[in-house]
Each structure stands twice: as structure tokens, then as C-alpha cells.
Amino acid sequence: MTIRLRHVLPGLATILSVLTLACQSTPTARPPAPAPADIAAPASAPPAGVAPQAAYVRWLVERSMLHQAELTARQYSGQGRLWQRPYAEPQPRAASALASVWFTAYPPSHITRPGESVLRSLGDPNLWRIFQEIGVTGMHTGPMKRAGGIRGREYTPTVDGNFDRISTDIDPRFGSDEEYRSMVRHARQNGAVIIGDIIPGHSGKGADFRLAERGYGDYPGLYHMVEIRPIDWGVLPPVPAGKDSINLEPEAVDELKARGYIVGRLPRTIFYEKGVKETDWSATDAVTGVDGKTRRWVYLHYFKEGQPSFNWLDPTFAAPRLVTGDALHSLDTLGERMLRLDANGFLGIEVGSGNGPAWSEGHPLSVTANELIAGLVRKLGGFTFQE
């Protein structure tokens, strides 16, 4: 279960608590930030000069998780159902009473009958009757929502076992949304629950990321991504043909930090591979935005290049909105009762002291963000647990 909420909720100790701590810390010397006059504000709609892009932007918005989260959230605001359950304290006894014996499935490795989808197999009524006989009261499915990326209007495959989510829709490789709900019903009929996942730290390069690249609305605020002024593009390597980004070498990361763009190197590089991922930062190719301006961005990815990291403390609060919308969808639309929080220790990052690495693990913002997710899930009668 998640860490005790009592340390976060009293008073104003939500996201604002992190801001307060930051205000109390000893200031350190920082290079001046790039002049804001050179950075155009994110556009909310294509101007007349770039109207041909408008249809594509609409297509992306309709498929974006942030847009779907906003539509979902409106169904809950101002409703009494959010005030029927206690949510401040973790409830491990209640969670274990709901499901104390689990079967854990990993969708890509599940072997089905010929012509049968993974979800039809996992939702087989005979399977659930057997589970009931042997005392299995929960199934953790692993990540089953669509993952990977979008290039143009084509979906690209996952780069990390569906842990690069780009949609609330079930991945068609595993079955359909209706098959998922059927599995939930068969589980419930046999005294069991389905346990899902949310991924609060990053997404894939889906519609949300493509809109962020185009400077559309709140989407740039979803990610730890920074627009690099054209005068500084010389620091960025060219993107090879057929790719949409390139990993930065340590020297480029150091230079961008010195010029006031990013927080610099992290204490460790997960998935390090010489010539492939030498740092946790990558640069996009030049992308024309909805306002007609061409931009290059540098973005953070704790994991693979195709998993851009969410920014949990952007003024738009776009990332918390997206993640909570995904949780609401899992609980109410799909019918899950528990959610695993994947890679949930990487939700806060800030510049380190002196010339040291960034503070990117064990950050108070990670605790705060996890508490917010857990509290909302408990408000709706569900439970969370950490990876």
C-alpha cells in the first residue's frame, strides 16, 4: 500500500508542500534562464497560415490521454459519490480482505488457444470457476492498454512491454474493451477482482507527445521537455533519417545545463547502452508547431527514448490530470478494483547542489504525487500498491 497520507494532506500539504520546501531551501547560483521573449507561448489552435495541420491536430487531440482524462473528470466533479468513503489512511487490511491470493498474468507471454485473444482466454468462465475452487481471489493482468507511439497516423509498437502507454483503450493485440469488461464480470461472479496498472511517470510517444512537440495547448506541460532556442541548436546533434529524436551525449547535457535549459545529468542512467542511451535526455527533430513556428525540444526519459517523462510540477498540472483520468477509467469504465503504480519513485526531479547530479530519486514530490493518486483511488473504493 502507499505511504501514509496523513503526512501530506493536513493543511496545504499537497503539491503546495513541495513548493514551500523549495522556498525554504538555501538558494544556489544558477545560470540565467533563456530570455522568454524568444519563446512563443503554446498555441491552442492553428492559425490560418497553418490550417492544413488543423485536421491532424484534431485527430491527435481526439486520441490523446489528456483530452480523454478531461472528459472523464467532468463526470465526477460536484458529485456526492466522491465523499462516501474515507481516503486519508491506507487500508491494507481491507485490501487484503478483498483479494489475498492473486494470479499474475503477463499478456505478451500468455499462450492462448488458436484464434483466441488473450483477454478471451483470461476471461474464460471455466478458468474463473477453477480459480474460485483453489482460492484465487484476484488477477493482476499487467499493462494491457495501448502502448508504443504514433508516427503520422500510424501506431508504432511498444518499446517496453506496454509500459509506454499512449491510450486508455485496450491494446488490440490482447483483445477488446468489451472482452476486458467480460473478464471483470466473470471474476466478480466468482468472488474475485481484477487488478490493473497505471504508469504515473511517463507515456509513450503517442498523441499527447506529438501535440506537445507542436506546442499545442497544455501538452508541452505534460513532460519534462524544454524548447531550445535556434541560436543554441548547435549543441544538439542531428536526428538520423528514419528517427524522430536522438539521445544526447553527456557533454551536450552539461552544456544545456550551463545555458540554463535543463537540470543536467541524473545520478544513474537506466538502460545505459553505449551509442544508444548514454544519458537520460534526448532531442527531437525540428517540428513545425500549430503556430507555424519550428522548434526543437530536449526531453527527459528515465527509461527508453520512447518513454518521455511526465512533469508533475508544471503550472498546467497536465500530468496529474492525465494520470488521474487514466486511473478513473481503469476503476469505473473497466471495473478494476486495485491499481499497481508502476515506476512511481521517479516523479520528482530538480537541479542538484553545486555541480552535482540532479536530485531525481527519493524526491518529496514523488511521495506527494503517489499520495494524491492513492487518495483519489480510495475515494472511489479502490486500492493502490507500489511496484
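A brief structural summary. Just so you know, these numbers come straight off a predicted model, no measurement behind them.

## Section: the overall build of the protein chain
In step 1: In terms of regular secondary structure, the protein chain is built from 11 helices and 14 strands.
In step 2: A buried classification covers 53% of the 387 residues belonging to the protein chain.
In step 3: Look at the contacts in the protein chain between residues 6 or more apart in sequence, and 73% of them connect residues 24 or more apart.
In step 4: Carbon and sulfur atoms make up 56% of the accessible area of the protein chain, which amounts to about 17400 Å² in all.

## Quick word on the side chain of T72
In step 1: When you line up the elements, T72 lands in helix 3 (residues 65–73).
In step 2: Beyond its immediate sequence surroundings of up to four residues, T72 is in contact with G325 and L328.

## Examining the pattern of salt bridges
In step 1: The tally for this structure, following the rule as stated, stands at 29 salt bridges.
In step 2: The partner of D218 in a salt bridge is R321, and the shortest N-O contact between them spans 3.1 Å. Placement of D218 in the loop between helix 8 (207–213) and strand 8 (225–228) and of R321 in helix 10 (residues 318–333) is noted, with a sequence separation of 103 residues between them.
In step 3: With a closest N to O distance of 3.1 Å, D280 and K277 form a salt bridge. Comparing D280 with K277 shows no difference in burial state: the two are buried.

## Quick look at the side chain of D208
In step 1: In this structure, D208 sits in helix 8.
In step 2: It turns out D208 is buried and unbridged, and the closest side chain with the opposite charge, R321, is 9.1 Å from it.
In step 3: There is a polar contact of 2.8 Å between the side chain of D208 and the backbone nitrogen of M65.
In step 4: When neighbours within four sequence positions are excluded, D208 is seen to be in contact with S64, M65, L66, I166, Y219, L222, Y223 and L322.

## With respect to the packing of aromatic side chains
In step 1: In the structure shown here, the tally under the stated rule is 11 aromatic pairs.
In step 2: When the ring of F209 is compared with that of Y223, the centres are 5.5 Å apart and the planes differ by 80°; the resulting orientation is edge-to-face. Placement of the pair is F209 in helix 8 and Y223 in the loop between helix 8 and strand 8, with a sequence separation of 14 residues.
In step 3: In this structure F209 comes out as buried when scored by relative accessible area, which is 0%.

## So, the environment of K304
In step 1: You can see K304 is positioned in the loop between strand 12 (294–300) and helix 10.
In step 2: Each C-alpha atom of the pair K304 and N247 lies 9.8 Å from the other, and the pair is 57 residues apart in sequence.
In step 3: Setting aside residues up to four positions removed in sequence, K304 forms contacts with V159, D160 and F271.

## Re the packing of helix 10 against helix 11 (residues 364–379)
In step 1: Packing of helix 10 against helix 11 brings their axes to within 11 Å, and their N-to-C directions diverge by 30°. Compared by their axis directions, helix 10 and helix 11 come out roughly parallel. Where helix 10 crosses over helix 11, the handedness of that crossing is right-handed. Here V323, T324, A327, L328 and L331 of helix 10 lie close against helix 11, whose contacting residues are I373, L376 and V377.
In step 2: Of the residues that constitute the contact of helix 10 with helix 11, the class distribution is seven nonpolar, one polar and no charged.

## Considerations on the nonpolar core
In step 1: In this structure, Y219, L222, F310 and W312 are the most contacted members of the largest nonpolar core, which totals 41 residues.
In step 2: Of all the secondary structure elements, the ones that give two or more residues to this core are helix 2 (54–63), helix 3, helix 8, strand 12, helix 10, strand 13 (338–341) and helix 11.
In step 3: Ranked by residues supplied to this core, first place goes to helix 10 with seven residues.
In step 4: Ignoring anything within four residues of it in the chain, the contact list for F310 reads I199, P200, G201, H202, S203, L222, Y223, H224, A319, L322 and V323.
In step 5: In this structure, L256, V263, I270 and W281 belong to the second largest nonpolar core, which totals 24 residues.

Conventions used here
- Residues numbered from 1 in each chain as written.
- Predicted model: local features only at pLDDT ≥ 70, side-chain atom pairs only at ≥ 80, totals over all residues.
- Heavy atoms only, no water.
- Helix = DSSP H or I, 4+ residues; strand = E, 2+ residues; numbered from the N terminus.
- Buried < 20%, exposed > 50% of the residue type's maximum accessible area, 1.4 Å probe, protein only.
- Contact = heavy atoms within 4.5 Å.
- Areas by Shrake-Rupley, 256 points an atom, 1.4 Å probe, with all protein chains shown as cover.
- Salt bridge = Lys/Arg side-chain N within 4 Å of Asp/Glu carboxyl O.
- Lys, Arg positive; Asp, Glu negative; His and termini not counted.
- Polar contact = N/O pair within 3.5 Å; in protein donor to acceptor, adjacent residues only side chain to side chain.
- Phe/Tyr/Trp six-rings, centres within 6.5 Å; stacked < 30°, edge-to-face > 60°.
- Axes fitted to C-alpha atoms, helices over the stretch in contact; angles between N-to-C directions.
- Parallel < 35°, antiparallel > 145°, perpendicular 65-115°, else oblique.
- Left-handed = near helix turned anticlockwise from the far one by under 90°.
- Nonpolar A, V, L, I, M, F, W, Y, C, P; charged D, E, K, R; others polar.
- Core = buried A, V, L, I, M, F, W, Y, C linked by side-chain atoms within 4.5 Å.

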